[in-house]
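# Reading the structure
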Amino acid sequence: MRLLLAEDEKEMSAALSAILTHSGYDVDAVYDGQAAVEKALSQSYDCMIFDIMMPKKDGVQALKEIRDKGNMTPVIMLTAKAEIDDRITGLDAGADDYLTKPFAMGVRIEHRQSAVDVLCAVETHCRQCRTRRGRTGTGLPQFYPPGQ
């Protein structure tokens, strides 16, 4: 499965990319909203993960532009902006999910927890997308052992 990750924090991007790649995903990472729009419109992805606060074009603007072009790939917004109004803005722009970064800068264990949250959301949205397309087997890597 191919994922587009748009995250301007290089350390966070590297952590997310490493965990998602280790879990069997092919990840294309970009570091600003304009690059995210260009990649999303020129490549095919199973899911996209966008930070909101990015240079050149924020994640909400990028998402609106992608949706306006007819691209309905599932999008997960990943951001430090946790206010209800911020969530509503992201979801109204066309996001399928909205995850907040629950970490303080420089705390690696919390980077890993954020990456786990993203991985779980990606698996959920890719599974839903496949179900809507009429495919039954997920073929997704199992992050948690069966029964948990």
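Our subject in this report is the structure included herewith. The structure displayed is predicted, hence computed values, not measured ones.

Criteria and cut-off values
- Residues numbered from 1 in each chain as written.
- Predicted model: local features only at pLDDT ≥ 70, side-chain atom pairs only at ≥ 80, totals over all residues.
- Heavy atoms only, no water.
- Helix = DSSP H or I, 4+ residues; strand = E, 2+ residues; numbered from the N terminus.
- Buried < 20%, exposed > 50% of the residue type's maximum accessible area, 1.4 Å probe, protein only.
- Contact = heavy atoms within 4.5 Å.
- Areas by Shrake-Rupley, 256 points an atom, 1.4 Å probe, with all protein chains shown as cover.
- Axes fitted to C-alpha atoms, helices over the stretch in contact; angles between N-to-C directions.
- Parallel < 35°, antiparallel > 145°, perpendicular 65-115°, else oblique.
- Left-handed = near helix turned anticlockwise from the far one by under 90°.
- Nonpolar A, V, L, I, M, F, W, Y, C, P; charged D, E, K, R; others polar.
- Phe/Tyr/Trp six-rings, centres within 6.5 Å; stacked < 30°, edge-to-face > 60°.
- Lys NZ or Arg CZ within 6 Å of the ring centre and 35° of its normal.
- Polar contact = N/O pair within 3.5 Å; in protein donor to acceptor, adjacent residues only side chain to side chain.

Scanning the protein from N- to C-terminus turns up five helices and five strands. The helix and strand sequence of the protein, counted from the amino end, reads β-α-β-α-β-α-β-α-β-α. Looking at the 148 residues of the protein, the share that counts as buried comes to 45%. Pairs at least 24 apart in sequence give 60% of the contacts found in the protein among residues at least 6 apart. When the accessible surface of the protein is totalled, it reaches about 7,600 Å², and 50% of it is carbon and sulfur.

Moving on, we get to the packing of helix α2 (residues 33-42) against helix α3 (residues 59-68). Two quantities define a packed helix pair, namely the angle between the axes and the distance from one axis to the other. Their axes nearest at 9 Å, the elements α2 and α3 cross at an angle of 20°. When the axes of α2 and α3 are compared, the pair comes out roughly parallel. Considering how the two elements wind past one another, α2 and α3 form a crossing that is right-handed. Of the residues in α3, those touching α2 at Gly33, Ala36, Val37, Ala40 and Leu41 are Ala62, Glu65 and Ile66. Residue composition of the contact of α2 with α3, grouped by class: six nonpolar, one polar and one charged.

Our focus in this paragraph is the packing of aromatic side chains. Tallying each qualifying case throughout the model produces zero aromatic pairs. Here the basic side chain of Lys10 rests over the ring of Tyr31, its NZ or CZ set 4.0 Å away from the ring centre.

We now examine the environment of Thr73. Relative to the assigned elements, Thr73 resides in the loop between α3 and β4 (75-79). Not counting residues up to four positions away in its chain, the partners in contact with Thr73 are Tyr45, Asp46, Cys47, Met48, Arg67 and Asp96.

With that settled, consider the side chain of Thr73. For Thr73, a relative accessible area of 13% corresponds to the buried category. A distance of 2.8 Å separates polar atoms of two side chains, one belonging to Thr73 and the other to Asn71.

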